[in-house]
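Secondary and tertiary structure notes
Okay, here's what each chain looks like letter by letter:
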Amino acid sequence: VQLQASGGGLVQAGDSLRLSCAASGRTFSSYTMGWFRQAPGKEREFVAGITWSGASTFYADSVKGRFTISKDNAKNTVYLQMNSLKPEDTAVYYCAANGRYTVVVPTRTDLYDYWGQGTQVTVSS
């Protein structure tokens, strides 16, 4: 699976952005997908994830209620709708896929098999 993230940009606090992650490969629908982010000088952290069927989602506490993850298997794309953005959301955002966990959303980076190249999100105050 190859992943291509897009949609990042420079916005002001309170604005919204929608990130997209387009995947290649015929088995995209069988993958649990996750979004992670990495700010300068910090470790990569889990943001949100969705199981292959879309039945289950999971969010980091820091984004719960503001971000929404969704998956369109017909378009081989996973989205991250980010509302009420804050300066502390500034980071490079990565999408990732794993084919081993189909019922729950893993939050550890080492449990994901495929990664996109990242897209920069900058939120100014």
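Each remark here, short or long, concerns the structure printed above.
Residues numbered from 1 in each chain as written. Predicted model: local features only at pLDDT ≥ 70, side-chain atom pairs only at ≥ 80, totals over all residues. Heavy atoms only, no water.

The residue Ala97 is located in strand β9 (residues 91–98) in this model. Ala97 sits in the buried class, given a relative accessible area of 0%. Here the alpha-carbon distance between Ala97 and Val121, two residues 24 residues apart in the chain, equals 20 Å. (Helix = DSSP H or I, 4+ residues; strand = E, 2+ residues; numbered from the N terminus. Buried < 20%, exposed > 50% of the residue type's maximum accessible area, 1.4 Å probe, protein only.)

Another point: the side chain of Thr32. Note that Thr32 resides in strand β4 (residues 32–38). Note on Thr32: relative accessible area 0%, which makes it buried. Contacts of Thr32, omitting those with residues within four sequence positions, involve Ile50, Thr51, Trp52, Ala96, Ala97, Asn98, Tyr101, Thr102, Val104, Val105, Pro106 and Tyr112. (Contact = heavy atoms within 4.5 Å.)

Residues Tyr101, Val103 and Val104 make up a contiguous nonpolar surface patch of about 280 Å² in total accessible area. Note on placement: Val103 falls in the loop between β9 and β10 (114–115). (Patch = residues over 30% accessible without salt bridge, like charges linked within 9 Å, V, L, I, M, F, W, Y side chains within 5 Å. Areas by Shrake-Rupley, 256 points an atom, 1.4 Å probe, with all protein chains shown as cover. Salt bridge = Lys/Arg side-chain N within 4 Å of Asp/Glu carboxyl O.)

The next point concerns the pattern of salt bridges. For the coordinates displayed, the defined rule picks out six salt bridges. Notably, a salt bridge pairs Asp89 with Arg66, separated by 2.8 Å at the nearest N-O pair. Of the two residues, Asp89 sits in the loop between β8 (77–82) and β9 while Arg66 sits in the loop between β6 (57–59) and β7 (67–72), which places them 23 residues apart along the sequence. Arg66 matches Asp89 in its accessibility class, with the two residues each being buried. Measuring nitrogen to oxygen at the nearest pair gives 2.7 Å for the salt bridge that ties Asp110 to Arg108. Since its relative accessible area comes to 49%, Asp110 is described here as partly exposed. Its relative accessible area of 49% is what places Arg108 among the partly exposed residues.

A few words on the packing of aromatic side chains. All chains considered together, the criterion is met by six aromatic pairs. Between the aromatic rings of Phe36 and Tyr112, the centroid separation amounts to 5.1 Å while the plane-to-plane angle is 80°, which identifies the pairing as edge-to-face. Residue Phe36 is located in strand β4, and its partner Tyr112 is located in the loop between β9 and β10; the two are separated by 76 residues in the primary sequence. Owing to a relative accessible area of 0%, Phe36 belongs among the buried residues under this scheme. With relative accessibility at 5%, the residue Tyr112 sits in the buried group. Here the aromatic rings of Phe46 and Phe58 are separated by 5.9 Å at their centres, their planes lie at 35°, and the arrangement is tilted. Note that Phe46 is positioned in strand β5 (residues 45–50) and Phe58 in strand β6, a separation of twelve residues in sequence. Residue Phe58 is classed as partly exposed on the basis of its relative accessible area, which comes to 41%. Its end group placed over the ring of Tyr94, Arg44 keeps NZ or CZ at 3.7 Å from the ring centre. Positioned over the ring face of Trp115 is Arg44, at 4.9 Å from the centre of the ring. (Phe/Tyr/Trp six-rings, centres within 6.5 Å; stacked < 30°, edge-to-face > 60°. Lys NZ or Arg CZ within 6 Å of the ring centre and 35° of its normal.)

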